[in-house]
Amino acid sequence: MKQSINVLLSGGGTGGHIYPAIAIANEIKTRFPNAKFLFVGAKGRMEMEKVPQNGYEIRGLWISGIQRSLTLQNLSFPFKLVSSLWNARKIVRKFKPTVVIGTGGFASGPTLFMANKRNIPTVIQEQNSYPGITNKLLAKKARKICVAYDKLQRYFPEEKIIKTGNPVREDLLNNKNSSSNSFGLDKSKRTLLVLGGSLGARRINQLIEEQLDVFIGNNVQVIWQTGKLYFKDYKKYNNSSGIQVHSFLNNMNEAYTSADFIISRAGASSISELCIVGKPTIFIPSPNVAENHQVKNALAIVENDGAIMIEEKNLGSFEKIFLALIGDEKLQKKLSDNIKSMALPNATKDIVDQILELIRE
């Protein structure tokens, strides 16, 4: 192993791309304290705040995705792409990375593309069961592709694929049985944890508001994460008995431990965490993502009897499905046992093993 290794990481847009990149960096740092790290993100996106909060330096590219409808933002896309490729090239030349790791997000494409042009080893960490077009293109030159689901040889060269799972927060692995109760919950009631992803989910928030009487009437208390964008619309329900509204949950491990049931989006990182948590879960996938990949993520669990899925267009059936779930202990146990059996808790270590193998080569 070289005395000094320079690790360039790119991932962002949502927590599902950012936190895996940070987890990978932390694991490399544990093994090689003298390694140098640099992140590349998209200007104005949440990684520009979250990465420095975790102690790492980050550079921002002027890049965004293409909108589905015709907008002014789409007209600027070619200029953003040229700018990002130019600046990614400068970053790669100056930092001289030993290896470049992409966990998804807008900035990942230009960064890995420029690393591949300079024959620097690249690793893709694909979180979803259905990859986006950028990773499909980058896969042609990537040395290794770490995945969380089976059957991805339909999209990637089979000889490059290693099934590792997705990195999850270290506190989730180290303190799974946390039993402290900073939420001040009523132990005589069952607890529903509602998660809309790191940015919040409008339709899930609307659903929970519609169903509050159902929850209260069935002795279910609610820990409800709305997301920053929506908190102001729903914080008034903090005055209701048994309803807690939070903009963001910093103590996720304790929230998971406190929950008897979970409602969640079906982002890849969320699913990986929920497999480890092992609680009865209802997935409500976001319909506003590329290639409908959240539905495909959820189906990988649902088809193994590990969770229930309700698509947004079918939320009229939510009350019936939810009441059936909380009234059936056998179903709860089956879902818990099956989702737990799909957990890959050593994902971060396994991914870093693959990265270090590349560096040694």
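In short, a report on the structure. (Residues numbered from 1 in each chain as written. Predicted model: local features only at pLDDT ≥ 70, side-chain atom pairs only at ≥ 80, totals over all residues. Heavy atoms only, no water.)

## So, helix 14 (residues 347-360)
Residues separated by three or four positions in an α-helix point in the same direction, a consequence of the helix having 3.6 residues per turn.
Point 1. The end-to-end C-alpha distance of helix 14, which contains 14 residues, comes to 20 Å, matching closely the 20 Å that a straight helix rising 1.5 Å per residue would cover.
Point 2. The inward-facing, buried residues of helix 14 abut helix 1 (15-31), strand 4 (99-104), strand 5 (122-126), strand 6 (144-147) and strand 7 (161-163). (Helix = DSSP H or I, 4+ residues; strand = E, 2+ residues; numbered from the N terminus. Expected span 1.5 Å × (residues − 1). Contact = heavy atoms within 4.5 Å.)

## Quick notes on the packing of helix 7 (residues 202-217) against helix 12 (residues 318-326)
Point 1. Interaxial distance between helix 7 and helix 12 falls to 11 Å at its minimum, and their mutual angle equals 45 degrees. Considering the angle they form, helix 7 stands oblique to helix 12. Every pair of crossing elements has a handedness; the one defined by helix 7 and helix 12 is right-handed. Between helix 7 and helix 12, the contacting residues are L207, Q211, V214 and F215 on the first element and F318, E319, F322 and L323 on the second.
Point 2. A class-by-class count of the residues in the contact of helix 7 with helix 12 yields six nonpolar, one polar and one charged. (Axes fitted to C-alpha atoms, helices over the stretch in contact; angles between N-to-C directions. Parallel < 35°, antiparallel > 145°, perpendicular 65-115°, else oblique. Left-handed = near helix turned anticlockwise from the far one by under 90°. Nonpolar A, V, L, I, M, F, W, Y, C, P; charged D, E, K, R; others polar.)

## Considering the packing of aromatic side chains
One pair of aromatic rings is described through two measures. These are the centre distance and the angle between the planes.
Point 1. By the definition in use, this model includes nine aromatic pairs.
Point 2. With centroids separated by 6.4 Å and ring planes inclined at 90 degrees, the aromatic side chains of F215 and F318 adopt a geometry described as edge-to-face. With F215 in helix 7 and F318 in helix 12, this pair connects stretches of sequence that are 103 residues apart. Across this residue pair, the class does not change: F215 and F318 are buried. (Phe/Tyr/Trp six-rings, centres within 6.5 Å; stacked < 30°, edge-to-face > 60°. Buried < 20%, exposed > 50% of the residue type's maximum accessible area, 1.4 Å probe, protein only.)

## Comments concerning the sheet that holds strand 3 (residues 58-61)
Point 1. Strands sit in the order 3-2-1-4-5-6-7 across an open sheet of seven strands; the sheet is parallel. The sheet is open, and its two borders are formed by strand 3 and strand 7, each paired with just one other strand. The sheet shows a mean angle of 20 degrees between the axes of neighbouring strands, direction not considered.
Point 2. Across the face of the sheet, helix 1 comes into contact with strand 1 (6-11), strand 2 (36-42), strand 4 and strand 5 while running at roughly 150 degrees to strand 4.
Point 3. Helix-sheet contacts for helix 4 (residues 108-117) involve strand 1, strand 2, strand 3, strand 4 and strand 5, and the interaxial angle to strand 4 is about 155 degrees. (Pairing = 2+ DSSP bridges.)

## Focus on the layout of surface pockets
Point 1. The space that makes up the second largest pocket amounts to roughly 580 Å³.
Point 2. Looking at the second largest pocket, it is lined by 27 residues, and the ones nearest its centre are S129, Y149, D150, A300 and I301.
Point 3. Secondary structure elements with two or more residues in the lining of the second largest pocket: helix 10 (268-277) and helix 11 (293-302). (1 Å grid on protein atoms, 1.4 Å probe; cavity = no way out; pocket = protein on both sides within 12 Å on 5 of 7 lines; lining within 4 Å. Points joined across faces, edges and corners; volume = space filled by probe spheres on them.)

## Brief notes about unusual backbone geometry
Point 1. At K96, a position not held by glycine, the phi torsion is positive, near 55 degrees.
Point 2. Relative to the helices and strands, K96 resides in the loop between helix 3 (72-95) and strand 4.
Point 3. Overall, the relative accessible area of 60% leaves K96 in the exposed class.
Point 4. At K151, a position not held by glycine, the phi torsion is positive, near 70 degrees.

## Points about the nonpolar core
Generally speaking, soluble globular proteins have nonpolar side chains that are buried together.
Point 1. Core analysis: the largest hydrophobic core is formed by 52 residues, its most contacted members being L8, L193, L249, Y256, I262 and F283.
Point 2. Put simply, the parts of the chain that give this core at least two residues each are strand 2, helix 3, helix 4, strand 6, strand 8 (190-195), helix 9 (252-258), helix 10 and helix 11.
Point 3. It is helix 10 that provides the largest number of residues to this core, a total of five residues.
Point 4. Ignoring any residue separated from it by four or fewer positions in sequence, one finds Y256 in contact with R169, L172, L193, L195, I262, E273, L274, V277 and K279. (Core = buried A, V, L, I, M, F, W, Y, C linked by side-chain atoms within 4.5 Å.)

## Observations regarding the sheet that holds strand 8
Point 1. The six strands are arranged 10-9-8-11-12-13 in an open sheet whose pairing can be described as parallel. The sheet is open, and its two borders are formed by strand 10 (243-246) and strand 13 (308-309), each paired with just one other strand.
Point 2. Here strand 9 (residues 220-225) runs beside strand 10; their pairing, made up of four bridges, is parallel. The partner of W224 across the bridge, within strand 10, is V245.

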